[in-house]
Amino acid sequence: MRPEDLLRPTPRGLHCPVGDFYIDPVRPVPRAVITHGHSDHARPGHEHVLATRETLDLMAIRYGAAFAGATQAIAYGESVTVGGVRITAHPAGHVLGSAQMALSWRGLTIVASGDYKETFDPTCARFEPVPCDVFISEATFGLPVFRHPPAARETAKLLNSLTVFPDRAHLVGAYSLGKAQRVIALLRAAGHDAPIFLHGALASITAYYEAQGIPLGPVRPATGAAKAELAGAVVIAPPSALTDVWSRRFPDPVAAFASGWMRVRARARQRGIELPLVISDHADWDGLLASITATGCRELWVTHGAEEALVHWAGSIGLRARPLHMVGYGEEEGEDAPAPSPAAPAASEAGEA
């Protein structure tokens, strides 16, 4: 039996013909299995959605309660059978509620990982390698040049800048789902207990994280705060807000951006970023290789990102591999843009949440 008999790439997304469902489809489908809540993977308009409770809740926050015709929650370690295919959810370590979906049928197991990272993150369950025949991996940072520094070190850079520039607001660009909350948690773990100010676009998701028992300390809305309060404070906002009229209210702000792409100095310069923070919610090159190896898979499929480099590496160690050339994924800027239309996929540009 070929793996393609169980799962195959189509213009709508990865399709399971046996169970007749799609994984992270980019267009409305009768039955969707969603790995996590970022808008390039979780889109509204499906008739039925299977995902973790957290992902379903986050989709409702972002798209409204009627984002799908019907929903079904699946917990980590739980299995649901659809058309004879057993679907089991496992932690992906990407953002709150993110899950690898393991599909098992007639002795074959394929794991669709969505987006993932193997490093510790206090705001979500840690990635767990799942033994499988075929592992489907992203490759957002699938080049040897991408080796992320420890997140604590980057957090220390931000705290040091607060000490050096005590009268300047530090405006940190961070994606609304996952990255913003992780940056707050990292600051708290480093001992920063002062109030952190939030752009309004981050408020509802941040409140949801806190409601799930993730302690984030005192957070306040940035809008309406006095300039004196903002001097020397951390303000977290969507990346698009860094160049918006909204940012002009802050006293001589230090522009920072928390992203794995800040490893590329040209990107930081293009954005006018004074304090680049290399904090990523995706696995770097070493993390990808370690995670793939840990699954014991005999075949690797690569969905989006630097596909060819990862495929080449796999071939060099005798692992069968193929790029899937999936379109519509990796648009992390879309996390701060309006929700993609149910009728069309988001624009494709490699990004980092």
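Model, not experiment: these values are computed from the prediction.

Considering the domain arrangement of the protein chain
- Once the domains are mapped, the protein chain shows domain 1 (3–145 + 281–332) and domain 2 (151–279).
- Contact residues are listed per partner, giving 21 residues for domain 1 and 18 residues for domain 2.
- Between domain 1 and domain 2, roughly 1,600 Å² of surface is buried when both sides are summed, and carbon and sulfur atoms account for 66% of that area.
- It is Leu-96, Thr-123 and Asp-281 that lose the most area in domain 1 upon contact with domain 2, and together they represent 29% of the buried surface on that side.
- Joining domain 1 to domain 2, the criterion identifies two salt bridges.
- Put simply, Arg-182 and Asp-121 hold a salt bridge, and the shortest N to O gap is 3.8 Å.
- Here domain 1 is connected to domain 2 by six residue pairs in polar contact (both at pLDDT 80 or more).
- Residue composition of the side of domain 1 that touches domain 2, grouped by class: eight nonpolar, five polar and eight charged.

With respect to the sheet that holds strand S10 (residues 108–112)
- The strand order across the open sheet built from seven strands is S7-S8-S9-S10-S11-S18-S19, with neighbouring strands paired in mixed fashion. Lying at the two open borders of the sheet, with one neighbouring strand each, are strand S7 (79–82) and strand S19 (320–323). Averaged over all pairs of adjacent strands, the angle between strand axes in this sheet comes to 25°, irrespective of strand direction.
- Summarising the sheet, S7 and strand S8 (residues 85–91) pair through four bridges and their orientation is antiparallel. When the bridges of S8 are listed, Ser-79 appears paired with Thr-88.
- Set on the sheet, helix H7 (residues 285–295) makes contact with strand S11 (134–139) and strand S18 (299–305); between it and S11 the angle comes to about 170°.
- Here helix H8 (residues 307–316) sits on the sheet and contacts S11, S18 and S19; the angle it forms with S18, its principal contact strand, is near 165°.

Description of the environment of His-38
- Mapped onto the secondary structure, His-38 falls in the loop between strand S4 (31–33) and strand S5 (46–51).
- Separated by 60 residues in sequence, His-38 and Ser-98 place their C-alpha atoms 9.3 Å apart.

Things to note about the sheet that holds strand S16 (residues 254–258)
- Ordered in space as S14-S13-S15-S12-S16-S17, the six strands form an open sheet in which the pairing is parallel. Each end of this open sheet is capped by a strand with a single partner; those strands are strand S14 (219–221) and strand S17 (275–277). Mean inter-strand twist for the sheet, computed between neighbouring axes without regard to direction, equals 25°.
- Bridging between strand S12 (residues 170–173) and S16 involves four bridges; their strand directions are parallel. In the strand pairing of S16, Gly-173 is matched with Phe-257.

Considerations on the packing of helix H1 (residues 53–63) against helix H4 (residues 203–211)
- Two elements in contact, H1 and H4, have axes separated by 10 Å at closest approach and are oriented at 155°. Between H1 and H4, the angle is such that the two are roughly antiparallel. Crossing of H1 against H4: the hand is right-handed. From H1, Arg-53, Glu-54, Asp-57, Leu-58, Ile-61 and Arg-62 reach across to H4, where they touch Ser-204, Ile-205 and Tyr-208.
- Classifying every residue of the contact of H1 with H4 gives four nonpolar, one polar and four charged.

A word on the nonpolar core
- Counting residues in each nonpolar core, the largest one holds 32 residues, and the members touching the most others are Val-172, Leu-187, Tyr-209, Val-234, Ile-236 and Leu-277.
- Those elements that provide at least two residues to this core are helix H2 (151–164), helix H3 (179–189), strand S13 (196–198), H4, strand S15 (234–237), S16 and S17.
- At six residues, the largest contribution of residues to this core is made by H3.
- Residue-level mapping places this core at the junction of two domains, with at least three residues from each of domain 1 (3–145 + 281–332) and domain 2 (151–279).
- Ignoring anything within four residues of it in the chain, the contact list for Leu-187 reads Thr-155, Leu-158, Leu-159, His-192, Ile-196 and Val-234.
- Core analysis: the second largest hydrophobic core is formed by 28 residues, Ile-23, Val-82, Ala-112 and Met-326 among them.

Considering the environment of Arg-320
- Looking at the secondary structure, you find Arg-320 in strand S19.
- Aside from chain neighbours lying at most four places away, what touches Arg-320 is Arg-298, Glu-299 and Leu-300.

Some thoughts on the pattern of salt bridges
- A full pass over the atoms with the stated rule returns 15 salt bridges.
- Linking Asp-252 and Arg-168 is a salt bridge whose minimum nitrogen-to-oxygen distance equals 3.2 Å. Here Asp-252, found in the loop between S15 and S16, pairs with Arg-168, found in the loop between H2 and S12; they are 84 residues apart in sequence, far enough to count as distant.
- According to the relative accessible area criterion, Asp-252 is exposed, its value standing at 52%.
- Taking the relative accessible area as the measure of exposure, Arg-168 reaches 13% and is therefore buried.
- For Arg-168, the salt bridge is made with Glu-274, and the minimal N-O distance between the two is 3.0 Å. Of this pair, Arg-168 sits in the loop between H2 and S12 while Glu-274 sits in the loop between helix H6 (265–271) and S17; the two residues are 106 residues apart in sequence, bridging distant segments of the chain.
- Taken together, the salt bridges that share partners define one network made up of Lys-117, Asp-121, Arg-182 and Asp-281.

As for the packing of aromatic side chains
- Under the defined criterion, the tally for this structure stands at seven aromatic pairs.
- Where Trp-246 meets Phe-250, the ring centres are 4.8 Å apart and the plane angle is 65°; that geometry is what we call edge-to-face.
- Members of the aromatic cluster, each reached through a chain of ring pairs, are Tyr-116, Phe-127 and Phe-135.
- The positively charged end of Arg-168 is found above the aromatic ring belonging to Phe-165, 5.0 Å away from the centroid.

The rules behind each value
Residues numbered from 1 in each chain as written. Predicted model: local features only at pLDDT ≥ 70, side-chain atom pairs only at ≥ 80, totals over all residues. Heavy atoms only, no water. Domains from an automatic or database assignment. Contact = heavy atoms within 4.5 Å. Buried area = accessible area lost by both parts, 1.4 Å probe. Salt bridge = Lys/Arg side-chain N within 4 Å of Asp/Glu carboxyl O. Polar contact = N/O pair within 3.5 Å; in protein donor to acceptor, adjacent residues only side chain to side chain. Nonpolar A, V, L, I, M, F, W, Y, C, P; charged D, E, K, R; others polar. Pairing = 2+ DSSP bridges. Helix = DSSP H or I, 4+ residues; strand = E, 2+ residues; numbered from the N terminus. Axes fitted to C-alpha atoms, helices over the stretch in contact; angles between N-to-C directions. Parallel < 35°, antiparallel > 145°, perpendicular 65-115°, else oblique. Left-handed = near helix turned anticlockwise from the far one by under 90°. Core = buried A, V, L, I, M, F, W, Y, C linked by side-chain atoms within 4.5 Å. Buried < 20%, exposed > 50% of the residue type's maximum accessible area, 1.4 Å probe, protein only. Phe/Tyr/Trp six-rings, centres within 6.5 Å; stacked < 30°, edge-to-face > 60°. Lys NZ or Arg CZ within 6 Å of the ring centre and 35° of its normal.

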